[in-house]
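A closer look at the structure
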Amino acid sequence: MTSTHESSSTSFDAESDADGVAAASRHTMLSQVLTQASRLGVSIVLARLLTPQDFGVVAAGMVVMVVAWQLTDLGTSAVVIQRETVDDTLLSSLFFFNLLLGIFLGVLTVALAGPMANALGQPAAAPAIRALAAVSVLGAVGNMHHALLRRTMQFGRLATVNIANATVNGAVGIGLAFAGAGIWALVVGTLAGVAVSTGGAWLYVAWRPSPRFSLRRLREVGKFSINCFWSSALAVFFAQLDKVVISRMLGGAALGTYTVAQRTVSSPMNAVSATVSTVSFSAFAREQDNPETLRSGAIRATGVVALVVLPAMVGLAVLAEQAVLVVYGAQWEAAVPVVQVLAPVAIVQAVLSVTSSVMLAMGRSDWLYRWGLAYCLVGAVVMLMCSRWGLLGVSLGLAGVMVVLAPLEMKMSLSLIGMRLSTYLRPMLPMVLITAAMAAVARLAAGGTGLLGAGVVLQLIAGASAGVVAYAALIWHFGLPAVDDARRVLGRWARRR
């Protein structure tokens, strides 16, 4: 990569051909799998060592950290990825803006930790919130370098950075959990992982900020950046809104139970959808003037998402009781119905991640912002109303919001590239039918094993094994196009075009 010190017009461009996108997806998939596995591993260990009430304290602290970290970016990373060209003056201006904002938010978080913890109904979370405030500064220091790795499609290096983050986070978190550190296992692990991630990005990216700061250049990208920021911030807020409602209305134990259920669902889903959305945004942005390529890319990306997420989430919903009891223990049995509701919701969210990337790549961050606002306003009202029916009520409220609003957002996104929603979703129909058959086989296998007197461990093994075999056999038999794209991502048996 060429340093921007050599020329103020360096564009940091990269090719986005099919093989390049496949390699980027492969690297990103590896990092996401390890990252999500690490997070889920720490959650499982903590769930075995902590009570639902203690876990609720951790979850409250993480809500504040996630929101504060998102605020440090203010949409500037998306600017670097989406713009046709960038130069040193713009990058340096964005870097110092991020840094000042990160420091401000870190100080503000420390000062308001007590009131924020009280607002969430978890006063004991205040010390954790103060410690996690450091993430705002650490994240701000690395934002531009991570964005440059994505812009230039250096996803192999980005994967290495993310894997180092996950490894350190998991090792420190699990080690401290076994040492009896309680909620601090997750706090310290998170801080250590972010520090390693920022250091790794600086190691891989040759660019260094120069003493240049231009308000004019910031104003040039201000509209796109602010709209992108608000859309991202609202998306993050919507993702945390259910936890805020539960914490305030139902208490810490309910929040802990819900967090365990949500992480069980989101970890495998994020490993796929985050991979596709990360790579597709960078690739789509390079092809924003070629609607035909974007239409093909959107269908293929969604096919890969559905190929993995559909069976994983439906299988988890069918075997939720066995999975929760085996992995977490009997004290988390209340999480079972929540998992059963949230798993199908995750499928919608995963598919939505592709069309959101289309909207962002086409420069319509203002549309994304408006949809984020709609999700938050409708979601807040619906989940507050449904909280009277407990955790299951909030979960069903969230599901209802996604089922109603997501198709409308997808339709608007696809209109930017001249595609109908029916055209976009039609290739998924065979996978839906195959997944339904898989779910029936898995349920019958688990239920039959239970009738024979086997325990939940054997029921889970029997159901999961039968489901995997049935799904693999049906996918292989029908030879769906998404299989070829998945092969290309995996790097084996790839068909050269």
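Residues numbered from 1 in each chain as written. Predicted model: local features only at pLDDT ≥ 70, side-chain atom pairs only at ≥ 80, totals over all residues. Heavy atoms only, no water.

The next point concerns the overall build of the protein chain. Within the protein chain one finds 21 helices and zero strands. Burial analysis of the protein chain (497 residues in total) assigns 56% to the buried set. Long-range pairs, those at least 24 residues apart, make up 83% of the contacts in the protein chain between residues at least 6 apart in sequence. As displayed, the protein chain offers around 20,300 Å² of accessible surface, 67% of which is attributable to carbon and sulfur atoms. (Helix = DSSP H or I, 4+ residues; strand = E, 2+ residues; numbered from the N terminus. Buried < 20%, exposed > 50% of the residue type's maximum accessible area, 1.4 Å probe, protein only. Contact = heavy atoms within 4.5 Å. Areas by Shrake-Rupley, 256 points an atom, 1.4 Å probe, with all protein chains shown as cover.)

Enumeration over the complete set of coordinates arrives at three salt bridges. Where Arg217 meets Asp87, a salt bridge forms, and the shortest distance between an N and an O atom there is 2.9 Å. In this pair, Arg217 is assigned in helix H10 (residues 215-220) and Asp87 in the loop between helix H3 (76-82) and helix H4 (88-111), connecting sequence segments 130 residues apart. Classification of Asp87 by relative accessible area gives buried; the value is 14%. (Salt bridge = Lys/Arg side-chain N within 4 Å of Asp/Glu carboxyl O.)

The next subject is the packing of aromatic side chains. Describing an aromatic ring pair means giving the distance of the ring centres and the angle of the ring planes. The full count for this structure, using the stated rule, is four aromatic pairs. Ring centres of Phe95 and Trp202 lie 6.0 Å apart, and the angle between their planes is 65 degrees; on these two criteria the pair is classed as edge-to-face. One end of the pair, Phe95, is in helix H4; the other, Trp202, is in helix H9 (residues 184-204), with 107 residues separating them in the sequence. On the basis of relative accessible area, Phe95 is assigned to the buried category, the value being 5%. Of the residues examined, Trp202 reaches a relative accessible area of 23% and is grouped as partly exposed. Plain terms: the ring middles of Phe95 and Trp207 are 6.3 Å apart, the flat faces sit at 75 degrees to each other, and that makes the pair edge-to-face. (Phe/Tyr/Trp six-rings, centres within 6.5 Å; stacked < 30°, edge-to-face > 60°.)

A separate point is the side chain of Asn143. Relative to the helices and strands, Asn143 resides in helix H7 (residues 134-151). Beyond its immediate sequence surroundings of up to four residues, Asn143 is in contact with Thr72, Asp73, Ser77 and Asn98.

Here Arg157 lies in helix H8 (residues 155-178). Each C-alpha atom, one on Arg157 and one on Val205, is 9.3 Å from the other, the two residues being 48 residues apart in sequence. Non-local contacts of Arg157, meaning those with residues more than four positions away in its chain, are made with Leu149 and Tyr204.

Moving on, we come to the packing of helix H13 (residues 291-318) against helix H14 (residues 320-327). It is the contact of H13 with H14, at a shortest axis distance of 5 Å, that shows an interaxial angle of 80 degrees. Comparing the axis directions of H13 and H14 gives the class roughly perpendicular. For the pair H13 and H14, contact is made by Leu316, Ala317 and Val318 and by Ala320, Gln322 and Ala323, respectively. Residue composition of the contact of H13 with H14, grouped by class: five nonpolar, one polar and no charged. (Axes fitted to C-alpha atoms, helices over the stretch in contact; angles between N-to-C directions. Parallel < 35°, antiparallel > 145°, perpendicular 65-115°, else oblique. Nonpolar A, V, L, I, M, F, W, Y, C, P; charged D, E, K, R; others polar.)

Let us look at a nonpolar patch on the surface. A contiguous nonpolar patch, built from Val456, Val457, Leu458 and Ile461 and spanning about 330 Å² of accessible area, is present on the exposed surface. Note that Leu458 resides in helix H20 (residues 456-478). (Patch = residues over 30% accessible without salt bridge, like charges linked within 9 Å, V, L, I, M, F, W, Y side chains within 5 Å.)

Before going further, it helps to spend a moment on the packing of H14 against helix H15 (residues 336-361). Taken N-terminus to C-terminus, the directions of H14 and H15 make an angle of 125 degrees; their axes are 9 Å apart at the nearest point. Comparing their axes, H15 and H14 come out oblique. Helix-helix and strand crossings are classified by hand; for H14 and H15 the assignment is right-handed. Here Ala320, Glu321 and Val324 of H14 lie close against H15, whose contacting residues are Val336, Val339 and Gln340. Partitioning the contact of H14 with H15 into residue classes produces four nonpolar, one polar and one charged. (Left-handed = near helix turned anticlockwise from the far one by under 90°.)

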